[in-house]
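Understanding the architecture of this molecule
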Amino acid sequence: MKINELLKVKYPLIQGGMANIATGEFAASVSNAGALGLIGAGGMTTEILKENIEKCKQLTDQPFGVNLMMMNPYVDEMAQLVIDEGIKVVTTGAGNPSKYMKAWKEAGILVMPVVPSVALAKRLERSGADAVIVEGTEAGGHIGELTTMALVPQVVEAVSIPVIAAGGIASGKQLLAAYALGASGVQVGTCLLASEECPVHENYKNAIVKAKDTDTTVTGRISGTPVRIIKNRMAKEYIKREKEGASMEELETYTLGSLRKAVLEGDTQSGSLMAGQVAGMVKEIKPVKTIIEDLFHECDMEKEKLINFLGE
Ligand code: TUI
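Definitions and limits used
Residues numbered from 1 in each chain as written. Predicted model: local features only at pLDDT ≥ 70, side-chain atom pairs only at ≥ 80, totals over all residues. Heavy atoms only, no water. Helix = DSSP H or I, 4+ residues; strand = E, 2+ residues; numbered from the N terminus. Rg over C-alpha atoms; globule rule 2.2 N^0.38 Å. Buried < 20%, exposed > 50% of the residue type's maximum accessible area, 1.4 Å probe, protein only. Contact = heavy atoms within 4.5 Å. Areas by Shrake-Rupley, 256 points an atom, 1.4 Å probe, with all protein chains shown as cover. Lys, Arg positive; Asp, Glu negative; His and termini not counted. Charge placed at Lys NZ, Arg CZ, Asp CG, Glu CD. Near = heavy atom within 4 Å. Polar contact = N/O pair within 3.5 Å; in protein donor to acceptor, adjacent residues only side chain to side chain. Nonpolar A, V, L, I, M, F, W, Y, C, P; charged D, E, K, R; others polar. Domains from an automatic or database assignment. Pairing = 2+ DSSP bridges. Axes fitted to C-alpha atoms, helices over the stretch in contact; angles between N-to-C directions. Buried area = accessible area lost by both parts, 1.4 Å probe. Salt bridge = Lys/Arg side-chain N within 4 Å of Asp/Glu carboxyl O.

Another point: the overall build of the protein chain. What the protein chain contains, in helices and strands, is 13 helices and eleven strands. In summary, the protein chain has a C-alpha radius of gyration of 18 Å against a globular reference of 20 Å for 312 residues, a match within 12%. With the principal axes as the frame, the protein chain shows a C-alpha extent of 55 × 50 × 40 Å. Put simply, the protein chain has 312 residues, and 54% of those count as buried. A separation of at least 24 residues holds for 60% of the contacts in the protein chain among residues at least 6 apart in sequence. In the structure as shown, the protein chain presents an accessible area of about 13,600 Å², 53% of it carried by carbon and sulfur atoms. Once the 32 positive and 38 negative side-chain charges of the protein chain are each reduced to a mean point, those two points are 2 Å apart.

Another aspect to go through is the site of the ligand. If you check the shell around the ligand, you find 18 residues, and the closest are Ala94, Gly95, Val114, Glu135 and His142. Within the contact set of the ligand, a nitrogen atom lies 2.9 Å away from a backbone nitrogen or oxygen of Ala94. Between a nitrogen atom of the ligand and a main-chain N or O atom of His142, the distance comes to 2.9 Å. The fraction of the free accessible surface of the ligand (720 Å²) that becomes covered by protein chains is 79%. Every element with two or more residues in the shell around the ligand is listed here: β7 (141-142) and α12 (248-265). Partitioning the shell around the ligand into residue classes produces ten nonpolar, seven polar and one charged. Residue-level mapping places the shell around the ligand at the junction of two domains, with at least three residues from each of domain 1 (8-188) and domain 2 (202-278).

Once that is clear, we can look at the sheet that holds strand β3 (residues 64-69). The eight strands lie next to each other as β1-β9-β8-β6-β5-β4-β3-β2, forming an open sheet whose pairing is parallel. Only two strands of the sheet have a single partner each, and these edge strands are β1 (13-15) and β2 (37-40). For this sheet, the mean angle separating the axes of adjacent strands, direction not counted, is 25 degrees. Direction of pairing for β3 relative to strand β4 (residues 89-93): parallel, over a ladder of five bridges. Following the sheet pairing, Leu68 is matched in β4 by Thr92. The strands touched by helix α2 (residues 24-32) are β1, β2 and β3; relative to β2, the strand with the most contacts, the crossing angle is about 170 degrees.

Moving on, we come to the domain arrangement of the protein chain. Here the domain parsing of the protein chain yields domain 1 (8-188) and domain 2 (202-278). Computed over C-alpha atoms, the centres of domain 1 and domain 2 are 22 Å apart. Every contact between the two is made by 18 residues of domain 1 and, on the other side, 17 residues of domain 2. Summed over both sides, the interface of domain 1 with domain 2 buries roughly 1,300 Å², with 61% coming from carbon and sulfur. At the junction of domain 1 with domain 2, the criterion picks out one salt bridge. Arg221 is paired through a salt bridge with Glu145; the nearest N and O atoms lie 3.9 Å apart. At the surface where domain 1 touches domain 2, the tally comes to six residue pairs in polar contact (both at pLDDT 80 or more). Looking at the side of domain 1 that touches domain 2, its residues break down into seven nonpolar, nine polar and two charged.

Turning our attention to the side chain of Asn67. In this fold, Asn67 is placed in strand β3. Separated by 2.9 Å, the side chains of Asn67 and Thr91 make a polar contact. With residues up to four places along the chain from it excluded, the contact list for Asn67 reads Gly17, Leu38, Ile39, Gly40, Ala41, Gly42, Thr91, Thr92 and Gly93.

What follows is the structure in structure tokens.
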């Protein structure tokens, strides 16, 4: 079953949780385009999350969800807020959400955690997850070790719940490949950053459009919180500080602060421009609806080409 039936949306596509970027307004534009929009609570306070939920409710009558970043200091409060606000879908990232699962399931919430391994996927299936989002290291932002290509089929084999592929998906070919690996749908972030509706600074969008295949790098490999961003002065500085033995707290504060600089001020040199390896494929800024429609249209065309190729 494709996950659009589970989520009651037109397309089996979920927008990435993108901390400090995915506002209620942005999530509503993704939901209005027929996919599942998500409010990214990473970087928000509980009060700001509540405001974004209200805004999203005003702007769409379509299903939307909330992404809770497990490293957010207010995550306990937010876990309750999603219940109180009647949120229908919760995705999680950057940690293990096991302790919240019982309360969310009792509230009838569809829970779809992001997992970087088979072990966590199996554990969360046992805790009641409705689907898992399997994110490869090609993705932008905080990442695991394994690639989408290697990890998705291993999780598909290990669990009975639907698997949503994430990381490295920005074209119809990659969407088709995700289905071929056994995924029931996809999550995308980077290709939606370069949308007209995305609330990041123009400079951030242009940096994505300009990026080539090798233009992302990973900070935090040593300190234990790997984050994929576009290479710039900040990335070099971070990796230098890391090699000098800076503490994880110092580095995390530095990253989140720098993300705001990039998103709000368009500072492409000392800001942290989180983006996936597919940034190299994103060539223009388009409306969200066009990005999503193009992905699925291209997937259909590629499917026909593949059938012909394999039939030869
Ligand atoms: O969470 C993301 N991507 C993010 S979160 C974020 S905000 C941030 N900024 C600076 C430092 C840290 C975070 C920016 N991008 N993607 C989902 C994701 N989840 N990727 C990897 C994981 C993950 C990692 C470990 C999920 C679970 C996990 O569990 C470990 C455990 O406790 O078992």
